[in-house]
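Secondary and tertiary structure notes
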Amino acid sequence: KLAKEQDKIEVPTLLKVIIQNVVEIARTSEYTDLKSGVSARLGISAYENLVSTVERRMLQSGEKKATARLTDLYGIIPSITGKVELVYEGEEEGPQVVATAFIQEAIEEAFDGYFLDPENIKSNDVDPYGVLRAYFQGGNTVELFNDMTTKEYKKALDKVKGFDQLIEEAEINNDHRHIYKELILNGLSSKQVLTRSVIANKVSYEDPLANMWDDLN
C-alpha cells in the first residue's frame, strides 16, 4: 500500500535533507542516551510517517496527488519518540517536546544553508527581507492549515510579498518553490523576525508586535 501511495506523493529533496538532519541531531543530542544509540531505522521510519501524513491530508481533501510540506514533518514525531532512547533530562523535558526540538533545529539548519541570517545583516546593507518584513508589519498574517488543498496552500503563500527575490538569490530552480517559501517563514520565526503560533491543525505567522498593538487597542 505504501508503495502505491508514494506513486501519488512527491517528497521534495529539501524534506529528505531535513529528515537526515533530524537523524544526525538525534545522534549527537545531549538528550539522547548515547549508550543505547539511535535506531538505524529512524530515517526510514520518519520518511514513511511523512508519507502517511500526506496521505491523510489527501484523504481529507480528496486530492489524487500531493507534495509533502514543511508542516508535514511534525508527522514524524512518533518515529523519533519510538526510535530514540532519551537520558533522564530528555524524559523530564518530555519525548514529544524533544522530538519537536529536533525537527525545528533540523529546519533551521536547512534555512541557514540557503538564506542569509537576518541577524548578520549590517545596518548599512540592503535588507533582503525588507519587503517581507514590511508585508507583516502592515498587519498581514499567514495561516497554514494541515488539511489545506494544494491550491489553498499555494494561494496562502503566494499572497506574501518578498519571497521571489529571496528564492532567486538562493538559486533555487526547482518545482517546489512553495516549500522554500514555508522554509523562509519558519526560519525567520526562529530568528524572531516573525512570530510562529501552532494551534491544533494550524500554523500561523505574523509580526511579533502585532499582538502588542491589539492588546493596546
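Residues numbered from 1 in each chain as written. Predicted model: local features only at pLDDT ≥ 70, side-chain atom pairs only at ≥ 80, totals over all residues. Heavy atoms only, no water.

**Description of the layout of surface pockets**
Empty space left among the atoms is revealed by rolling a probe the size of a water molecule over them. Taken as a whole, the largest pocket encloses approximately 290 Å³ of empty space. Together, 17 residues line the largest pocket, and Thr53, Thr71, Asp72, Tyr74 and Asn146 are the ones closest to its centre. Looking at the lining of the largest pocket, the elements with two or more residues in it are helix 3 (42–61), strand 4 (195–199) and strand 5 (202–206). The greatest single-element share of the lining of the largest pocket, amounting to four residues, is contributed by helix 3. One number sums up the size of the second largest pocket: a volume of about 190 Å³. If you trace the second largest pocket, you find 14 residues lining it, with Thr67, Thr150, Lys154, Asp175 and His176 closest to the centre. Of all the secondary-structure elements, those providing two or more residues to the lining of the second largest pocket are strand 2 (66–67), helix 8 (150–158) and helix 10 (177–190). (1 Å grid on protein atoms, 1.4 Å probe; cavity = no way out; pocket = protein on both sides within 12 Å on 5 of 7 lines; lining within 4 Å. Points joined across faces, edges and corners; volume = space filled by probe spheres on them. Helix = DSSP H or I, 4+ residues; strand = E, 2+ residues; numbered from the N terminus.)

**Description of the packing of helix 8 against helix 10**
Viewed as axis vectors pointing N to C, helix 8 and helix 10 meet at an angle of 50°, and their least axial separation amounts to 10 Å. When the axes of helix 8 and helix 10 are compared, the pair comes out oblique. Helix 8 and helix 10 meet at a crossing whose hand is left-handed. In this structure, helix 8 uses Tyr153, Lys154, Leu157 and Asp158 to contact helix 10, whose residues at the interface are His178, Ile179, Lys181, Glu182 and Leu185. (Axes fitted to C-alpha atoms, helices over the stretch in contact; angles between N-to-C directions. Parallel < 35°, antiparallel > 145°, perpendicular 65-115°, else oblique. Left-handed = near helix turned anticlockwise from the far one by under 90°. Contact = heavy atoms within 4.5 Å.)

**Looking at the packing of aromatic side chains**
If you walk through the whole model with that rule in mind, you get four aromatic pairs. Judged by centre distance (6.2 Å) and plane angle (40°), the rings of tyrosine 114 and phenylalanine 115 are tilted. We classify tyrosine 114 as partly exposed; its relative accessible area is 37%. Measuring from ring centre to ring centre gives 5.2 Å for tyrosine 114 and tyrosine 180, while their planes differ by 75°; the resulting arrangement is edge-to-face. With tyrosine 114 in helix 6 (residues 95–114) and tyrosine 180 in helix 10, the pair connects residues that are 66 residues apart, well separated along the chain. Ring pairing ties together the aromatic residues Phe111, Tyr114, Phe115 and Tyr180, which thus form one cluster. (Phe/Tyr/Trp six-rings, centres within 6.5 Å; stacked < 30°, edge-to-face > 60°. Buried < 20%, exposed > 50% of the residue type's maximum accessible area, 1.4 Å probe, protein only.)

**Remarks on the packing of helix 2 (residues 13–28) against helix 3**
Two numbers describe how helix 2 lies on helix 3: the axes approach to 10 Å, and their chain directions differ by 140°. With respect to helix 3, the element helix 2 is oriented oblique. Relative to helix 3, helix 2 is oriented so that their crossing is right-handed. Only Leu42, Gly43, Ala46, Tyr47 and Leu50 of helix 3 make contact with helix 2, whose side of the interface consists of Leu15, Lys16, Ile19, Val23 and Ala26.

**Description of the pattern of salt bridges**
What the rule picks out here adds up to eight salt bridges. Between lysine 191 and aspartate 112 there is a salt bridge; the shortest N-O distance is 3.3 Å. With lysine 191 in the loop between helix 10 and strand 4 and aspartate 112 in helix 6, this pair connects stretches of sequence that are 79 residues apart. In this structure, the salt-bridge partner of aspartate 158 is lysine 181, at a minimum N-O distance of 2.7 Å. With a gap of 23 residues between them, aspartate 158 in helix 8 and lysine 181 in helix 10 connect regions that are remote in the sequence. Among the residues examined, lysine 181 registers a relative accessible area of 7% and is labelled buried. (Salt bridge = Lys/Arg side-chain N within 4 Å of Asp/Glu carboxyl O.)

**What about helix 3?**
Between its terminal C-alpha atoms helix 3 stretches 29 Å, which fits the 28 Å expected from 20 residues at 1.5 Å a residue. Of the residues making up helix 3, those classed as buried are Leu42, Ser45, Ala46, Leu50, Val51, Thr53, Val54, Glu55, Arg57 and Met58. Phi turns positive, to about 85°, at glycine 62, one or two residues after helix 3. (Expected span 1.5 Å × (residues − 1).)

**Brief notes about the sheet that holds strand 3 (residues 142–145)**
As summarised here, the arrangement of the three strands in space is 3-5-4, forming an open sheet in which the pairing is antiparallel. Each end of this open sheet is capped by a strand with a single partner; those strands are strand 3 and strand 4. Direction aside, neighbouring strands of the sheet carry axes that sit 15° apart on average. Here five bridges tie strand 4 to strand 5, and the two strands are oriented antiparallel to one another. Note on strand 5: the bridge partner recorded for arginine 196 is tyrosine 205. Sheet strands in contact with helix 10 are strand 3, strand 4 and strand 5, and its direction is about 65° off that of strand 5. (Pairing = 2+ DSSP bridges.)

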